[in-house]
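# Report on the structure
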Amino acid sequence: MIKFTLGRVTRISAAVGATALLAACGDQSAEKPAVPAEPAAVTQPAEPAATATATPITGPWAALQPTIGQYPSQSGILENSPLADPLKTLLGDKFAAFKANLQVESPLQQDGDVLYLSGNKQHEGGREAAYLLADTKTRALEVGLWQAGKLEVFKTPGSDIRKPADIQTMISNAAG
């Protein structure tokens, strides 16, 4: 048998395979099997799910661009980035709890103008967890910090950052 691929549709045809095998062997005296007259069905691949486009980061937070896709523990984003000082100021004495609740962490991700990450304390998901949102246009931050199962939200004054779907799911899962 010979396997033929057309786009993303794969068809295996014994009749075509036998014909090709006989032709390759040089035996033209054998009767060739009929090739099916119907055309192979071709289906279009499904369009990939729409994803938010990455917006280039400009200004003082442009240094965050290379950290997208990296884990905070690898990139040092919480200690050595344009977010570090504003984050420490926003959280004050809760900064250590925030870091502790990111032991099991997600990489930094981007959804339009919003950078985000989340995580939880090892073996304590839902009770000891956290998320970070950073709006690259307005330079605003939001942190959600669960301690003993209770959510406390810290925001840059006057800000209202759109929550990406992953963070919305995290919040609703913790609530229910």
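Preceding block: the structure.
What you see as residue numbers is a count from 1 along each chain, following the sequence as written. In keeping with the model being predicted, local features are shown solely for residues with a pLDDT of at least 70 and side-chain atom pairs are shown and tallied solely at 80 or more, while totals for entire chains, interfaces and linings include all residues. Side-chain figures throughout are based on the complete set of non-hydrogen atoms in the structure, without hydrogens or water.

### Quick notes on the overall build of the protein chain
We count a stretch as a helix when DSSP gives it H or I for four or more residues in a row; a strand needs E for two or more, and each element gets its number in order from the N terminus. The secondary structure content of the protein chain amounts to five helices and eight strands. In the protein chain, the share of contacts with a sequence separation of at least 24, taken over all contacts with a separation of at least 6, comes to 43%. Of the roughly 10600 Å² of accessible surface on the protein chain, 54% is carried by carbon and sulfur atoms. Working rule for contacts: check all heavy atoms of both residues, and any pair within 4.5 Å makes them a contact. Surface accessibility in these figures is a Shrake-Rupley result with a 1.4 Å probe; residues are shielded only by whichever protein chains are displayed.

### Looking at helix α3 (residues 84-91)
Exposed residues in this analysis have more than 50% of their type's maximum accessible area, buried residues have under 20%, and partly exposed residues fall in between, with area computed by a 1.4 Å probe over protein chains only. Listing the buried residues of α3 in full gives Ala84, Leu87 and Leu91. The buried residues of α3 all sit within an arc of 65° when viewed along its axis, so they share a single face. Within α3, the exposed residues directed more than 90 degrees away from the buried face are Asp85 and Thr89. Check the buried side of α3 and you find it contacts α4 (95-100), β6 (129-135), β7 (140-147) and β8 (150-155). Where α3 terminates, the next one or two residues include Gly92, which has phi positive at roughly 55°. Each direction from the helix axis to a C-beta atom contributes to the arc, which is the arc of those directions.

### Notes on the pattern of salt bridges
Any Lys or Arg side-chain nitrogen located within 4 Å of an Asp or Glu carboxyl oxygen qualifies as a salt bridge. Applying the stated criterion across every chain, the model contains five salt bridges. Residue Glu152 is joined to Lys94 by a salt bridge in which the shortest nitrogen-to-oxygen separation is 3.6 Å. Highlighted residues: Glu152 in strand β8 and Lys94 in the loop between α3 and α4, separated in sequence by 58 residues. Given a relative accessible area of 35%, Glu152 falls into the partly exposed group. With relative accessibility at 24%, the residue Lys94 sits in the partly exposed group. Lys163 is the salt-bridge partner of Glu142, the closest N and O atoms lying 3.1 Å from each other. Residue Glu142 is found in strand β7, and its partner Lys163 is found in the loop between β8 and α5 (165-175); the two are separated by 21 residues along the sequence. Taking relative accessible area as the criterion, Glu142 reaches 0% and is therefore assigned buried. Residue class for Lys163 comes out partly exposed when judged on its relative accessible area of 23%.

### Looking at the packing of aromatic side chains
Stacked, edge-to-face and tilted are the three classes for Phe, Tyr and Trp ring pairs, Trp counted by its six-membered ring, which pair at centre distances within 6.5 Å; planes under 30 degrees apart are stacked, over 60 edge-to-face, the rest tilted. This structure, assessed with the given rule, holds two aromatic pairs. Ring geometry for Phe95 versus Phe98: centroids 6.5 Å apart, planes at 40°, classification tilted. A residue pair is termed a helical-turn pair when its members lie 3 or 4 positions apart in one helix, as Phe95 and Phe98 do in helix α4 at three residues. Residue classification places Phe98 among the buried positions, given a relative accessible area of 0%.

### Examining the nonpolar core
Side-chain atoms within 4.5 Å are what join buried Ala, Val, Leu, Ile, Met, Phe, Trp, Tyr and Cys residues into a set we call a nonpolar core. Counting 22 residues, the largest nonpolar core has Leu78, Leu83, Leu87, Phe98 and Leu132 as the members making the most contacts within it. Among all residues touching Leu78, those that are not within four sequence positions of it are Pro72, Ala84, Leu87, Lys88, Phe95, Phe98, Lys99, Leu102 and Leu132. Grouped together as the second largest cluster of nonpolar side chains are 10 residues, Ala140, Trp146, Ile167 and Met170 included.

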